[in-house]
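# Coordinate analysis (summary)
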Amino acid sequence: PEVTVTDEQVADALLAMRRRHAVLEPVDRPIQWNDTVRADVTVSVEGQGEPHVEEDAEFPVHQGQVVSLPGFTDRLIGLTAGTAHHIEFTLPEDFQSAELAGKTATYDVTIHEVKQEVLPELDEEFVASLDDEQVKTVEQLTERVRKDIAQQLRLILVC
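A brief look at the structure comes next. (Residues numbered from 1 in each chain as written. Predicted model: local features only at pLDDT ≥ 70, side-chain atom pairs only at ≥ 80, totals over all residues. Heavy atoms only, no water.)

### Examining the overall build of the protein
Put simply, the rule reads: Here a helix means four or more residues in a row that DSSP labels H or I, a strand means two or more in a row labelled E, and each is numbered from the N terminus. Each radius of gyration is computed over the set of C-alpha atoms, and the globule rule expresses the reference value as 2.2 Å times the number of residues to the power 0.38. By the convention used here, residues are in contact when the closest approach between their heavy atoms is within 4.5 Å. For every accessible area listed, the method is Shrake-Rupley and the probe measures 1.4 Å; residues are considered covered only by the protein chains on display. The positive count covers Lys and Arg only, the negative count covers Asp and Glu only, and His and the chain ends enter neither. For charged residues, the charge sits on one atom: NZ in Lys, CZ in Arg, CG in Asp, CD in Glu.
Scanning the protein from terminus to terminus reveals four helices and five strands. When the elements of the protein are put in sequence order from the N terminus, they spell out α-β-β-β-α-β-β-α-α. The C-alpha radius of gyration computed for the protein amounts to 20 Å, which surpasses the reference 15 Å derived for 159 residues by more than 25%, pointing to a less compact arrangement than a globule. With the C-alpha coordinates aligned to their principal axes, the bounding extent of the protein is approximately 55 × 40 × 20 Å. Sequence-distant contacts, at least 24 apart, represent 62% of the contacts inside the protein between residues at least 6 apart. Counting every atom, the protein has about 10,000 Å² of accessible surface; 47% of that belongs to carbon and sulfur. Across the protein, the centroid of the 13 positively charged side chains sits 6 Å from that of the 32 negatively charged ones.

### Quick notes on the nonpolar core
Definition in use: Take the buried residues of types Ala, Val, Leu, Ile, Met, Phe, Trp, Tyr and Cys, join any two whose side-chain atoms come within 4.5 Å, and each joined set is a nonpolar core. To sort residues, take the accessible area from a 1.4 Å probe on protein chains only and compare it with the maximum for the residue type: under 20% means buried, over 50% means exposed, and anything in between is partly exposed.
Core analysis: the largest hydrophobic core is formed by 25 residues, its most contacted members being Phe59, Leu69, Phe72 and Tyr107. Looking at this core, the elements that each hand over two or more residues are strand S2 (35-45), strand S3 (52-61), helix H2 (72-76), strand S4 (84-90) and strand S5 (104-118). With 13 residues, the next largest nonpolar core counts Val3, Leu14, Val135 and Val145 among its residues.

### A look at unusual backbone geometry
Unusually for a residue other than glycine, Asn34 sits at a positive phi of about 75°. Within the secondary structure layout, Asn34 lies in the loop between strand S1 (23-27) and S2. For Asn34, a relative accessible area of 30% gives the class partly exposed. Of note, Ser68 is a non-glycine position whose phi angle comes to about 75°, a positive value. Along the chain, Ser68 turns up in the loop between S3 and H2. Ser68 sits in the partly exposed class, given a relative accessible area of 48%.

### Quick look at the pattern of salt bridges
As a reminder of what qualifies: One speaks of a salt bridge when a side-chain nitrogen belonging to Lys or Arg is within 4 Å of a carboxyl oxygen belonging to Asp or Glu.
As enumerated under the stated definition, the model contains eight salt bridges in all. The shortest N-O distance in the salt bridge between Asp56 and Arg38 comes to 2.5 Å. With Asp56 in strand S3 and Arg38 in strand S2, this residue pair connects regions lying 18 residues apart in the sequence. Of the charged contacts in the structure, one is a salt bridge between Lys115 and Glu113, with a shortest N-O distance of 3.8 Å. Bridged by salt links that share partners, the residues Arg38, Asp56, Glu58, Glu113 and Lys115 form one connected network.

What follows is the structure in structure tokens.
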């Protein structure tokens with residue numbers, strides 16, 4: 001079947017590819033979007049049993065991506081390493097888990113480290129690092145990604 005691949009889909013796939021090759025560098029500043037955080041996290045939800053504890057957890061802080069519960073990463077923006085933070089917020093009334101909907105989530109977070117994501121440039125050097133003998137230029141990589149997405153979309157339509 002005929003499928004349409006948007007430029008946005010191609011850009012997202014290329015970004016994901018660059019993220020797989022990103023370097024994380026420690027920074028001495030508050031958390032920003034696209035950082036990676038290393039922290040001790042304790043979370044409890046009103047009316048639920050024992051809190052969930054994760055020590056030395058490392059996770060990305062990307063917009064639109066849920067880590068733990070929706071709204072948690074949004075509240076990390078601007079926090080700094082080296083101190084304990086207490087975060088409380090109410091989960092949405094339409095939360096997918098009815099038993100948690102509208103309940104208060106409480107986080108105690110000690111941030112140990114903030115790392116910024118340093119993406120490789122989308123250039124011929126990056127393309128060469130992929131070690132694909134059939135792809136030598138950014139244009140060829142972009143076309144390959146577009147074809148791969150189209151093939152995936154066709155498979156979805158057929159299934």
